[in-house]
Amino acid sequence: MRVYLVRHDEAVDRVPGMPDAARYLSARGRGSFRGMARRFREAGALPTRIFTSPLVRAVQTAEILSEALQYDGEVAVAPQLAPGFDVDGLNAVLDAFPGEAEIAFVGHEPDLGDILARLLSLPRGYAMRK
């Protein structure tokens with residue numbers, strides 16, 4: 001199985017009255033991620049499933065990824081991928097879909113970096129220092 005960990009791109013700044021979950025991708029973030037998604041496609045990535053955190057900026061990132069990859073499945077919102085998720089949350093999603101060849105997870109930092117470090121047996125926070 002191949003797992004892709006994808007961090008959402010740049011979101012609008014925090015403003016009073018806007019819940020963090022409602023923050024959406026900035027224009028710069030949308031443009032930047034479109035380029036990243038094209039490179040992802042050119043590298044041959046073909047996820048059979050795309051899961052995303054329920055936060056707006058992650059959902060938007062997953063939708064851009066889906067479009068660039070011409071993904072014909074549904075982008076699935078997985079509450080387990082909300083900020084604060086960990087390897088156990090990742091495994092819970094993976095366990096629900098056994099036999100998938102390639103899965104993309106769209107989420108947040110520092111969670112993705114911590115998961116990557118754990119999967120690679122690196123010290124916690126290692127991925128964020130590089």
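Our structure's up above, just so we're on the same page.
Residues numbered from 1 in each chain as written. Predicted model: local features only at pLDDT ≥ 70, side-chain atom pairs only at ≥ 80, totals over all residues. Heavy atoms only, no water.

Let's shift gears to unusual backbone geometry. Here the amide bond leading from Glu109 into Pro110 is cis, since omega sits at 10 degrees, within 30 degrees of zero. Along the chain, Pro110 falls in the loop between β4 (102-107) and α4 (111-119). With a phi angle near 55 degrees, Gln70 is a residue other than glycine that sits in the positive phi range. One can find Gln70 in the loop between α2 (56-69) and β3 (75-77). (Helix = DSSP H or I, 4+ residues; strand = E, 2+ residues; numbered from the N terminus.)

Glancing now at the packing of helix α1 (residues 27-42) against α2. Interaxial distance between α1 and α2 falls to 9 Å at its minimum, and their mutual angle equals 40 degrees. Judged by the angle between their axes, α1 and α2 are oblique. Remark: the crossing between α1 and α2 carries right-handed chirality. Of the residues in α2, those touching α1 at Arg30, Phe33, Arg34, Ala37, Arg38, Phe40 and Arg41 are Thr61, Ile64, Leu65, Ala68 and Leu69. Residue classes in the contact of α1 with α2 are distributed as seven nonpolar, one polar and four charged. (Axes fitted to C-alpha atoms, helices over the stretch in contact; angles between N-to-C directions. Parallel < 35°, antiparallel > 145°, perpendicular 65-115°, else oblique. Left-handed = near helix turned anticlockwise from the far one by under 90°. Contact = heavy atoms within 4.5 Å. Nonpolar A, V, L, I, M, F, W, Y, C, P; charged D, E, K, R; others polar.)

Turning our attention to a positive patch on the surface. The grouping of Arg34, Arg38, Arg39 and Arg41 at the surface amounts to a positive patch. Summarising the element assignment, Arg41 is placed in helix α1. Given a relative accessible area of 37%, Arg41 falls into the partly exposed group. (Patch = residues over 30% accessible without salt bridge, like charges linked within 9 Å, V, L, I, M, F, W, Y side chains within 5 Å. Areas by Shrake-Rupley, 256 points an atom, 1.4 Å probe, with all protein chains shown as cover. Salt bridge = Lys/Arg side-chain N within 4 Å of Asp/Glu carboxyl O. Lys, Arg positive; Asp, Glu negative; His and termini not counted. Charge placed at Lys NZ, Arg CZ, Asp CG, Glu CD. Buried < 20%, exposed > 50% of the residue type's maximum accessible area, 1.4 Å probe, protein only.)

Turning to the sheet that holds β4, a few remarks are in order. Spatially, four strands are ordered β1-β4-β2-β3 in an open sheet, and the strand pairing comes out parallel. Single-partner strands in this sheet number two, and they are β1 (2-7) and β3. Averaged over all pairs of adjacent strands, the angle between strand axes in this sheet comes to 25 degrees, irrespective of strand direction. Two elements, strand β2 (residues 49-52) and β4, share four bridges in a ladder whose sense is parallel. Its bridge partner lying in β4, Arg49 is registered against Ile103. This element, α2, spans β1, β2, β3 and β4 of the sheet and lies at about 160 degrees to β2. (Pairing = 2+ DSSP bridges.)

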